[in-house]
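# Working through the structure, step by step
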Amino acid sequence: MQQQPDGRTTMLMVGHSHLAALVVGWQRIRSEHRDIRLKFVNLRADRFLKPPGSAGDLRPPSKASVAAVDIEKLRAELEEYASHAARVLCLVNGNQHNIAAFSGDGSVPLKTRIAGLERNVAANYAEWLSVLQPLFGDRLLILLPPPPIESEQWIRENPGPLADVIARGTLMVAAERKALWEAQCRAVRAVAREFAVPIGEAPAEVFSSTGFLAEDCRRAGDSTHANEIYGARALQSALSADLARGKTASAGRQDHPVDTRTHPYAGLPDYAFWSRAISRRATADVDPVVSPLFRVRKSDRVATAGSCFAQHISRRLEAAGFDFMVVEDERAPSGQRSYDFSARYGNIYTARQLLQLFDRAFGYFVPLETAWLRPDGRFCDPFRPRVDADGHAAIVDVQKAAEQHLRAVRRMFCELDVFVFTLGLTECFASRLDGAVYPLAPGVAGGEFDAERHEFLNFSSAEVTADLRRFMHKLALVNPGARVILTVSPVPLVATRSDRHVLVATTYSKAALRVAAEEISRAFANVMYFPSYEIITGPHAGGEYFGDDRRSVTAAGVDHVMRVFMSNVTDEPGRDARPIVSGHSTNYAEEHIVEAEAMADLACEEVLLDLQDSNTLPVR
């Protein structure tokens, strides 16, 4: 942290009208930060605005836009701080979501408003960052706008600056206003990622239990801005996080001057450099998440699906008290579910399998094969062959169970708030007749392999991306507000049907899945990639997160993944992400032994491919 001769650190806060809450908030807490000098610059101050009419008829109506500002005059004043401001806190202009929510005749669909809002916010904020980043580089930290007020009555009684807008338009319901605010935050996060600028999240204390602005943070007579209590809490959180960041960044730093304008890599944050982000950090301290797109709240209905590793996320979220969505729940006598997923679909290893699950649930696809005969004379579902351990006596029983299952899946897709999907494999077997893909090859857990009717597939990254893209478009049709978290399973293949060494096949499969996840997270504003794969397999771990078989993920590895997940992707970063282990042992080491044994029992159909007494795959 850069200090002035008086020993105090100068920090600059730039923004628009929301600065007011922080200015008065600073008065409440400044005595706790006597080593900090905080300066405020309102980017829409009259001294920076172009003279009326100077921009002709093309001048934007909003004074908060870059086009309305004399950039050279603004830059000249900001440059005075460029040499000594240790951190520049950049507050997002937060009224876009309120203007969209308070105006209009109510005939414009929410989805249309969200799309327009995201475009406008992204364009406007990208312009501001293009002005500020060259001046301040990695000293920028973006603070998101305060959440909206929930009470419609309070808004109408305290309209504030948007009184005319509220009087003329139709006030959207609270859930839609919140959706617009979340859309604005998503757009800002996307721009922040593009400019590699970190995000300073608002502390939990400024939110109500339903995710709106806390009642004690409301500003009397103003429906669009927060008060000094909000300002104090937001600043306290930002300053605390920045001090911690500064201490971490200063560890091991060489003390020599660097011109931050000499090349594109100069002045980038620590996470952009291997030596600072990986080499100098302990294994457990590596955190590869930068500016998460959104946060999962306790009130969000979270559904999960995917490969075996996805069940770790399910267990940890449920144990931490989150609303883990279960639409189908059949437990063993021990009280444990056979699969820790939201529905009884078993492992979904490929993107094609996920897409076809959606299509079957909504009636877009009806496979020709509906039941497989098992060696014991019972029947099983080809698309979840191990879900019903006892099987079924007749094909019609399998079909009835499948119909009930798909109704539950349909409800899950329609009602979820967040969908966590872990990509596991690119390899699968499919029907030559209608293209239906199976989690296991025919003949492994049921059915009979027939080269005339079945074929082996190994999807390319382009095919995986196309399947995920189609799934996202279809999900948006039934659930426009759904958010998606994509992960890639770090667990290697048990076996490969390709003519390659299993190590080479694993590397290809994970690379293709990782590329597809990246493509989709860039293409969709509501999709975020979470790097569980990198945390487990990265060089920093040195193989320590794999068990003796060099395939199973250890409890320490899952701990690391979930610690990073909880601290970055949920609204309770301090929550202990360890699962609640049966037996209630008070010894942490004993709990990990119990947990390790439980992880070994994760329901994972793929392991059947390597059992000596299982049916073997036919040789091509």
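Residues numbered from 1 in each chain as written. Predicted model: local features only at pLDDT ≥ 70, side-chain atom pairs only at ≥ 80, totals over all residues. Heavy atoms only, no water.

## Digging into the overall build of the chain
Within the chain one finds 17 helices and 16 strands. If you take every contact in the chain between residues at least 6 apart in sequence, the share linking residues at least 24 apart comes to 75%. (Helix = DSSP H or I, 4+ residues; strand = E, 2+ residues; numbered from the N terminus. Contact = heavy atoms within 4.5 Å.)

## A closer look at the pattern of salt bridges
Per the stated rule, a full pass over the model turns up 23 salt bridges. Residue Glu182 is joined to Arg297 by a salt bridge in which the shortest nitrogen-to-oxygen separation is 3.3 Å. One end of the pair, Glu182, is in helix α7 (residues 174–195); the other, Arg297, is in the loop between α9 (274–279) and β8 (302–306), and 115 residues separate them in sequence. Residue classification places Glu182 among the buried residues on the basis of a relative accessible area of 18%. Residue class for Arg297 comes out buried when judged on its relative accessible area of 11%. Residue Asp388 pairs with Arg344 through a salt bridge whose shortest N-O separation is 3.1 Å. Here the residue Asp388 occupies a position in the loop between β10 (379–380) and α12 (395–415), and Arg344 occupies one in the loop between α10 (310–319) and α11 (351–361), the gap between them amounting to 44 residues. A relative accessible area of 19% means that Asp388 is categorised as buried. According to the relative accessible area criterion, Arg344 is buried, its value standing at 12%. (Salt bridge = Lys/Arg side-chain N within 4 Å of Asp/Glu carboxyl O. Buried < 20%, exposed > 50% of the residue type's maximum accessible area, 1.4 Å probe, protein only.)

## Brief notes about the nonpolar core
Counting residues in hydrophobic clusters, the biggest one holds 72 residues, and the most contacted among them are Val14, Leu78 and Phe136. By size, the runner-up hydrophobic cluster in this structure holds 46 residues, among which are Tyr345, Leu357, Phe362 and Val488. (Core = buried A, V, L, I, M, F, W, Y, C linked by side-chain atoms within 4.5 Å.)

## Here we look at the sheet that holds strand β13 (residues 437–438)
Two orientations exist for strands paired in a sheet by backbone hydrogen bonds: parallel and antiparallel. The sheet built from 3 strands is open, its strands ordered β13-β12-β14 with antiparallel pairing. Every other strand in the sheet has two partners, leaving β13 and β14 (454–458) as the edge strands with one partner each. Relative to β13, strand β12 (residues 427–431) runs antiparallel, the two being bridged by 2 bridges. Bridging from a neighbouring strand, Ala430 pairs with Val437 of β13. (Pairing = 2+ DSSP bridges.)

## Some details on the pairing of strand β11 (residues 418–423)
By the criterion of burial, β11 is predominantly enclosed, with 6 of the 6 residues buried. Here β11 shows a buried face lined by Val418, Val420 and Thr422 and a second buried face lined by Phe419, Phe421 and Leu423. Direction of pairing for β8 relative to β11: parallel, over a ladder of 5 bridges. By the bridge assignment for β11, Ala305 is matched with Phe421. Alignment of β11 against strand β15 (residues 483–488), held across 6 bridges, turns out to be parallel. If you follow Val420 over to β15, its bridge partner there is Ile485.

## Some thoughts on the side chain of Asn479
With respect to the secondary-structure elements, Asn479 resides in the loop between α13 (461–478) and β15. On the basis of relative accessible area, Asn479 is assigned to the buried category, the value being 10%. A polar contact of 2.7 Å, which involves the side chain of Asn479, links it to the backbone oxygen of Leu416. (Polar contact = N/O pair within 3.5 Å; in protein donor to acceptor, adjacent residues only side chain to side chain.)

## Notes on the packing of helix α2 (residues 71–82) against helix α4 (residues 110–136)
Between α2 and α4, whose axes approach to 10 Å, the crossing angle comes to 35°. Helix-helix and strand crossings are classified by hand; for α2 and α4 the assignment is right-handed. Every residue of α4 that contacts α2 at Ile71, Leu74, Arg75, Leu78, Glu79, Tyr81 and Ala82 is listed here: Trp128, Val131, Leu132, Leu135 and Phe136. (Axes fitted to C-alpha atoms, helices over the stretch in contact; angles between N-to-C directions. Left-handed = near helix turned anticlockwise from the far one by under 90°.)

## Description of helix α16 (residues 555–569)
Here α16 is 15 residues long and its end C-alpha atoms lie 20 Å apart, about the 21 Å a rise of 1.5 Å per residue gives. A large share of α16 lies buried, amounting to 12 of its 15 residues. Within the sequence span of α16, burial applies to Ala555, Gly557, Val558, Asp559, His560, Val561, Met562, Val564, Phe565, Met566, Asn568 and Val569. (Expected span 1.5 Å × (residues − 1).)

## As for α11
Two residues of an α-helix separated by three or four positions point the same way, owing to the 3.6 residues in each turn. Counting buried residues in α11 gives 11 out of 11 residues, a clear majority hidden from the surface. Restricting attention to buried positions, one finds in α11 the residues Ala351, Arg352, Gln353, Leu354, Leu355, Gln356, Leu357, Phe358, Asp359, Arg360 and Ala361. Contact partners of the buried residues in α11: α12, β11, β13 and α13. Positive backbone phi, approximately 80°, marks Gly363, located one or two places after α11.

## Some words on the packing of α11 against α12
Between two packed helices, both the angle of their axes relative to each other and the distance between the axes serve to describe the pair. At their nearest, the axes of α11 and α12 sit 8 Å apart, and the two run at 105° to each other. Taken together, the axis directions place α11 and α12 in an arrangement best described as roughly perpendicular. When α11 is examined against α12, the residues Leu354, Leu357, Phe358, Arg360 and Ala361 are found in contact with a partner set consisting of His405, Leu406, Val409, Arg410 and Phe413. Looking at side-chain class alone, the contact of α11 with α12 contains 7 nonpolar, 1 polar and 2 charged residues. (Parallel < 35°, antiparallel > 145°, perpendicular 65-115°, else oblique. Nonpolar A, V, L, I, M, F, W, Y, C, P; charged D, E, K, R; others polar.)

## With respect to the sheet that holds strand β16 (residues 527–529)
The strand order across the open sheet built from 4 strands is β8-β11-β15-β16, with neighbouring strands paired in parallel fashion. Two strands in the sheet have a free side with no partner beyond their single neighbour: β8 and β16. Neighbour to neighbour, the strand axes of the sheet diverge by 20° on average, direction disregarded. Along the sheet face, α10 touches β8, β11 and β15 and points at about 160° away from the line of β8.

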